[in-house]
Amino acid sequence: GYAIINYGIFDVDQDAVKSVPYDDESYYRRVVDEQTLWSRIKRDIWWNIAAKDFATNQLVIPDVFKKKNAMKIQRNRYNYENTVEQVKIETERPKFVYSHILIPHEPYVLNAKGESLSDSLVFFNQYNKEEAFLEQVRYANSLLLNLVQLIKSKKTTRPRIYIIEGDHGYRYFDQQRDGSRVFMNLNTYYFS
């Protein structure tokens, strides 16, 4: 009897994703194609050639890269803002609200204030990955704090359960330095 409200990145049985899905029609093709030698050459080397403006001899950022990152930022904002709205709305029918926000997650395109980093910093990988990750953690923490404060302050007649989870920690620490931090995640539960 629950209404399913999906602000995730993939379809849930009774409710299609409302924003751009993570696994769009090209996802399954990419799973196979990105493992080939040609795909790895395009990903790791070809951008140096394809991104060059031969008239000026300057590297330029492809529009497809800019659009992809803008879409990720927009999807996260859409999912978060609509999740916040769902917390505020009390309905007669019980509801299950699913939300998936891909931050902190590569590419690290936002600073601690949620502002976009320059496309050139991200495209040319001209930032410290650990620092960029921590910037997005700070931003994600501010979003979570806002959401948790809203949940705690919301008066409701219907019992509620809130589950907030992260699927993994930072993956690029030196394993020999501290292998345990690679798989740290967040699980927190609230039962009214």
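Quick caveat: nothing in here was measured; it's all calculated off a predicted structure.

Within the protein, the secondary structure is distributed over six helices and six strands. Traced from its N-terminal end to its C-terminal end, the protein shows the element sequence β-α-α-β-β-α-β-α-α-β-α-β. Counting across all 192 residues of the protein, residues that qualify as buried make up 27%. The contacts of the protein with a sequence gap of at least 6 include a subset with a gap of at least 24, amounting to 65%. Approximately 13,100 Å² of the protein is accessible, and the part contributed by carbon and sulfur atoms is 55%.

The next thing to look at is the environment of Tyr162. Among the secondary structure elements, Tyr162 is positioned in strand β5 (residues 161-165). Distance from Tyr162 to Val148, taken between C-alpha atoms, is 9.3 Å for residues 14 residues apart in sequence. Only 2.5 Å separates the side chain of Tyr162 from the side chain of Arg160, close enough to count as a polar contact.

So, on to the nonpolar core. If you look at the biggest cluster of nonpolar residues, it comprises 24 residues, and the most contacted ones within it are Val87, Ile103, Tyr108, Leu110 and Leu147. Secondary structure elements with two or more residues in this core: α3 (63-88), α4 (119-123) and α5 (129-153). The dominant element in this core, judged by the number of residues it contributes, is α5, at eight residues.

Attention shifts here to the environment of Leu117. Relative to the elements of secondary structure, Leu117 occurs in the loop between β4 (95-99) and α4. Its relative accessible area of 22% is what places Leu117 among the partly exposed residues. Beyond its immediate sequence surroundings of up to four residues, Leu117 is in contact with Tyr108, Val109, Leu110, Asn111 and Val122.

The next thing to look at is the pairing of β5. Of the two faces of β5, only one is covered, namely that formed by Tyr162 and Ile164; the face formed by Ile161, Ile163 and Glu165 stays uncovered. Sheet topology places β5 next to strand β6 (residues 187-191); five bridges connect them, and they run antiparallel. Paired with Tyr162 across the two strands is Tyr190, which belongs to β6.

Moving on: the packing of aromatic side chains. Inspection of every chain in the model, using the stated rule, returns four aromatic pairs. Here Tyr108 and Phe133 contribute two aromatic rings whose centre-to-centre distance is 5.9 Å and whose plane-to-plane angle is 70°, an arrangement assigned as edge-to-face. Here Tyr108 is found in the loop between β4 and α4, whereas its partner Phe133 is found in helix α5, with 25 residues between them in sequence. The class of Phe133 is buried, set by a relative accessible area of 12%. The interplanar angle of 45° and the centroid separation of 5.8 Å between the aromatic rings of Tyr162 and Tyr190 together place this pair among those described as tilted. Of the two residues, Tyr162 is situated in strand β5 and Tyr190 in strand β6; the sequence distance between them amounts to 28 residues. For Tyr162, a relative accessible area of 15% gives the class buried.

The rules we used
- Residues numbered from 1 in each chain as written.
- Predicted model: local features only at pLDDT ≥ 70, side-chain atom pairs only at ≥ 80, totals over all residues.
- Heavy atoms only, no water.
- Helix = DSSP H or I, 4+ residues; strand = E, 2+ residues; numbered from the N terminus.
- Buried < 20%, exposed > 50% of the residue type's maximum accessible area, 1.4 Å probe, protein only.
- Contact = heavy atoms within 4.5 Å.
- Areas by Shrake-Rupley, 256 points an atom, 1.4 Å probe, with all protein chains shown as cover.
- Polar contact = N/O pair within 3.5 Å; in protein donor to acceptor, adjacent residues only side chain to side chain.
- Core = buried A, V, L, I, M, F, W, Y, C linked by side-chain atoms within 4.5 Å.
- Pairing = 2+ DSSP bridges.
- Phe/Tyr/Trp six-rings, centres within 6.5 Å; stacked < 30°, edge-to-face > 60°.

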